[in-house]
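# Reading the structure
These are the residues of each chain, in order.
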Amino acid sequence: MITPKMVVKLQNMKYLPLLVFQFILMALYFVFVRYGGDKHHDVRGFEDTHVMIFVGFGFLMTFLKKYCYSALGFNWFLAALSVQWALLCQQFYHMKDNIIYATKESLLEADIMSATVLITFGAVLGLASGLQLLLIAIIEVAVGCFNFWVVADKLQAADVGGSIAIHAFGAYFGLGVSFALHLGKKNTEATPQATRAPIEDLSGPSYSSDVTAMIGSLFLWIYWPSFNSALTSSNTEYQRAVINSYLSLASATVTTFVMSSLVSHHHSKLDMVHIQNSTLAGGVAVGSVCNMHISAGGAVAVGIGAGFLSVLGYRYLTPILTKIGIPDTCGVNNLHGMPGIYSGILTAVFATMATKEQYGEELGDVFPAMGGENGITASQQGLNQFLALVATLVIGLVGGAITGCIAKFLKPLSEQEKYNDENDWELP
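First things first, this report covers the structure right here in the doc. (Residues numbered from 1 in each chain as written. Predicted model: local features only at pLDDT ≥ 70, side-chain atom pairs only at ≥ 80, totals over all residues. Heavy atoms only, no water.)

## What to know about the nonpolar core
Residues F57, L78, W85, L125, W224, M292 and F367 are the most contacted members of the largest nonpolar core, which totals 98 residues. Among the elements that line this core, the one with the most residues is helix 4 (residues 68-91), at 11 residues. Ignoring anything within four residues of it in the chain, the contact list for F367 reads A158, M292, F350, A351, A354, Y359 and Q381. One finds V150, L155, A157 and A388 within the second-largest nonpolar core, a separate group that totals 6 residues. (Core = buried A, V, L, I, M, F, W, Y, C linked by side-chain atoms within 4.5 Å. Buried < 20%, exposed > 50% of the residue type's maximum accessible area, 1.4 Å probe, protein only. Helix = DSSP H or I, 4+ residues; strand = E, 2+ residues; numbered from the N terminus. Contact = heavy atoms within 4.5 Å.)

Take a look at the structure:
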């Protein structure tokens, strides 16, 4: 017979399986991982990307007034777990003699892969239990690394800023999880980031929680050019990526402020949801093309388009998704999903237009499949870019839906437990 004391003990041990998984990771690192790499090879953007993952994403999700501990704490927990697992999963596809050589660059790639988990976290923020989130993270990293292998190795698509394999994948994996978690439930709730109309007293923002979320937005905005340019090969490619990213972010920000006032519910007032999120959409939209010859004016145009797309998504599309049973707490479809698709389409266009005369010796750096004497044609590269986008959307949505169905076997949150730190934290 199960007594109340036994129930309490079981609840106290709910995270113990994660410690077991940590020991499994330790064993895998002992067996497979060795130090490697050229010590003279300079890897840009590692520390900046670290700040984005652990500070930017974390604070951005603190807008829920009674879920700030979970936003910051689980962001840290998920990222720390995902980085370790992602380094192994990514490098399993490139092992030499059953050895994984860990370098600063492989750590950077693992850091970037962990962003997919944090984007998915944003979709189900406050709607999934801590244990569900951690299970989702473990599965998503494995699926995300498989998708990255398809995009980068099999299709050899250009995606230096990860708008396809990171942002679009993370967003639609998250929406797939959200759909599965709420499948069969009567939809009686609204998404906080969509309308700011609270489901319960705990589900909305406060003045101070919106301010802390802005800290995350500003950190992400400042460091986004480093994120997009971190995996570039040459100095000129790196400078193009930084310039294009910065210009796109700036133009998206201006567009966001204007569009927010135009679609406002309250007589041309600005909506903090848009300012926290849509200002960043320019960084996502330009990510996959930031190292290409899109011109400075083109970068500004990409940012303007991203600002329009993101604000309109928050204003009109997110409420529709909520009504059909796909809650999206942070609106990741509008910040990461649709701008990621936009960027993927742009890569197909600019790849088709790429020439040897335009790129010179950098052609093989920007488009690896087009380099060398046996390189593919520009039209073939454009097709590969489009196929990479389609593959990502399919793998993300299907993988997310299956993962959500698996996560439903764990104890879900009740309506009273949603958006509430009291479930997992000792509060003052």
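## Things to note about the packing of aromatic side chains
Counted under the stated rule, the structure contains 12 aromatic pairs. When the centroid spacing of 5.7 Å and the interplanar angle of 70 degrees are considered together, the rings of W221 and Y246 count as edge-to-face. Of this pair, W221 sits in helix 9 (residues 207-229) while Y246 sits in helix 10 (residues 235-262), placing them 25 residues apart in sequence. The rings of Y69, F74 and W425 are connected pair by pair, giving a single aromatic cluster. (Phe/Tyr/Trp six-rings, centres within 6.5 Å; stacked < 30°, edge-to-face > 60°.)

## Here we look at the layout of surface pockets
Considering only enclosed or pocket space, the largest pocket measures out at about 860 Å³ in volume. Along its surface, the largest pocket is lined by 37 residues, and E105, E109, F148, V160 and L231 are the ones closest to its centre. Only helix 4, helix 5 (104-123), helix 6 (130-154) and helix 16 (363-366) provide two or more residues apiece to the lining of the largest pocket. Each residue belonging to the lining of the largest pocket can be placed in one class, and the counts come to 18 nonpolar, 11 polar and 8 charged. (1 Å grid on protein atoms, 1.4 Å probe; cavity = no way out; pocket = protein on both sides within 12 Å on 5 of 7 lines; lining within 4 Å. Points joined across faces, edges and corners; volume = space filled by probe spheres on them. Nonpolar A, V, L, I, M, F, W, Y, C, P; charged D, E, K, R; others polar.)

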